[in-house]
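The lines below spell out each chain.
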Amino acid sequence: MPNAIPDQPEAVTAAWLSSVLGETVFGCHLVDSHSGTTGRARMALETAPGSALPSSLFIKLPPGDPTQREFVCSSGMGQREARFYLELSQEVPVRVPRCYHAEWDESGRHYIMLLEDLEHSGCQFRNASQHYSLDYVRAVLASFARLHGRYWQSDRFAGDLAWVQPPLQHEIGARLVALARERHAASMPAPFDELCDLYLANTDAVHALWLNGPETLIHGDVHDGNLFREGATPGFLDWALLARGPAMRDVSYFLAGTLAEEDRVLQRELISDYRAMLTEEGIVAPPIEDLWQQHRCQVLYPWVGAVTTLAMGDEWQPLSYVMATLERLHTLLAALDTGDAVREGIGLSR
């Protein structure tokens, strides 16, 4: 029953944990909790000596804010991520948090995930403002190649993975871009208003353009906040935007948000490296020119994400962080002539 799924961290009890983990939990207490795009908490457990259970868990559940909860429900984000952890997390060929329990109801309003506490596991987190080395960037691209190669044009998308759908085009996105334009265009550089106009006038066509390319399983949200490291091995968090779509959705999003400005001249070389890694996975990869053109168009996607976040002020991310992100993206999109690439891709003349 839906009411059996705890809706807030305080509702997670030792008795409930014992019932879903299959082992007695004698006590538990919250270490910390907060609510943003979704609800998050760290919880310490009291278990018997020699227990196979960890001493702490990371818990994901619906956000506390009613408006945000409605957005998560309507987009299916919580249900999708819980299903990933229950059904796919043990088979994907990349490092992800271990799942101890996941469940959801069909409405998507109630869900919970009991996951590995990565800090307790000794994993590390970095922000892209701390320059990622090119060795690390290539390690992430190699992880992408393994993930994408495993599910490249898979027949399973018509079978057991039919629930993995193309990237969501939520109607709220265009409304938030329009709101951000109304509130911030006067303080933004010229490309901001131009790109807003391009996206708002051609929303459906732009989203269709982003679907160009062979389908595979994609993470869909690979920014620095959704990455961790275990030694030199990259790991991937927050699978709420899991989808089937073109591999460059992941590659371009990652490169756009991670590469330092002085390394952006290497984008084509890095994409060529990624293509070679796909080939090593046994994939007949698209020509480099096709991947490059996809990249020029796909980098508009993280820009749209940043602009929708901008519309929310400080609610989703600190405004200063969003403004700095947009400054970097405007420079990148100008260097790649992304506006012209998107116009060409959807059949518009300048």
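Here the structure is a predicted model, which is why all the values come from computation and not from measurement.

(A) Here's a closer look at the overall build of the protein chain. If you tally the helices and strands in the protein chain, you get 13 helices and 9 strands. Counting over 350 residues, the protein chain shows a buried share of 52%. Of the roughly 15,400 Å² of accessible surface on the protein chain, 50% is carried by carbon and sulfur atoms. Averaging the positions of the 27 positive and the 46 negative side-chain charges in the protein chain gives two centres separated by 2 Å.

(B) View of the side chain of Arg 40. As for its placement among the helices and strands, Arg 40 is situated in strand E2 (residues 39-47). For Arg 40, the side chain forms a polar contact with the side chain of Asp 238, separated by 3.5 Å. Contacts of Arg 40, omitting those with residues within four sequence positions, involve Ser 33, His 34, Phe 58, Ile 59, Leu 61 and Asp 238.

(C) Molecular detail of the pattern of salt bridges. Scanning all chains against the criterion turns up 18 salt bridges. In this structure, the salt-bridge partner of Glu 91 is Arg 156, at a minimum N-O distance of 2.8 Å. Note that Glu 91 is positioned in the loop between helix H3 (77-87) and strand E4 (99-104) and Arg 156 in the loop between helix H4 (134-150) and helix H5 (171-184), a separation of 65 residues in sequence. Relative accessible area serves as the criterion here: at 27%, Glu 91 is assigned to the partly exposed category. Taking the shortest distance from any N to any O, the salt bridge between Glu 116 and Arg 95 comes out at 2.9 Å.

Definitions and cut-offs
- Residues numbered from 1 in each chain as written.
- Predicted model: local features only at pLDDT ≥ 70, side-chain atom pairs only at ≥ 80, totals over all residues.
- Heavy atoms only, no water.
- Helix = DSSP H or I, 4+ residues; strand = E, 2+ residues; numbered from the N terminus.
- Buried < 20%, exposed > 50% of the residue type's maximum accessible area, 1.4 Å probe, protein only.
- Areas by Shrake-Rupley, 256 points an atom, 1.4 Å probe, with all protein chains shown as cover.
- Lys, Arg positive; Asp, Glu negative; His and termini not counted.
- Charge placed at Lys NZ, Arg CZ, Asp CG, Glu CD.
- Polar contact = N/O pair within 3.5 Å; in protein donor to acceptor, adjacent residues only side chain to side chain.
- Contact = heavy atoms within 4.5 Å.
- Salt bridge = Lys/Arg side-chain N within 4 Å of Asp/Glu carboxyl O.

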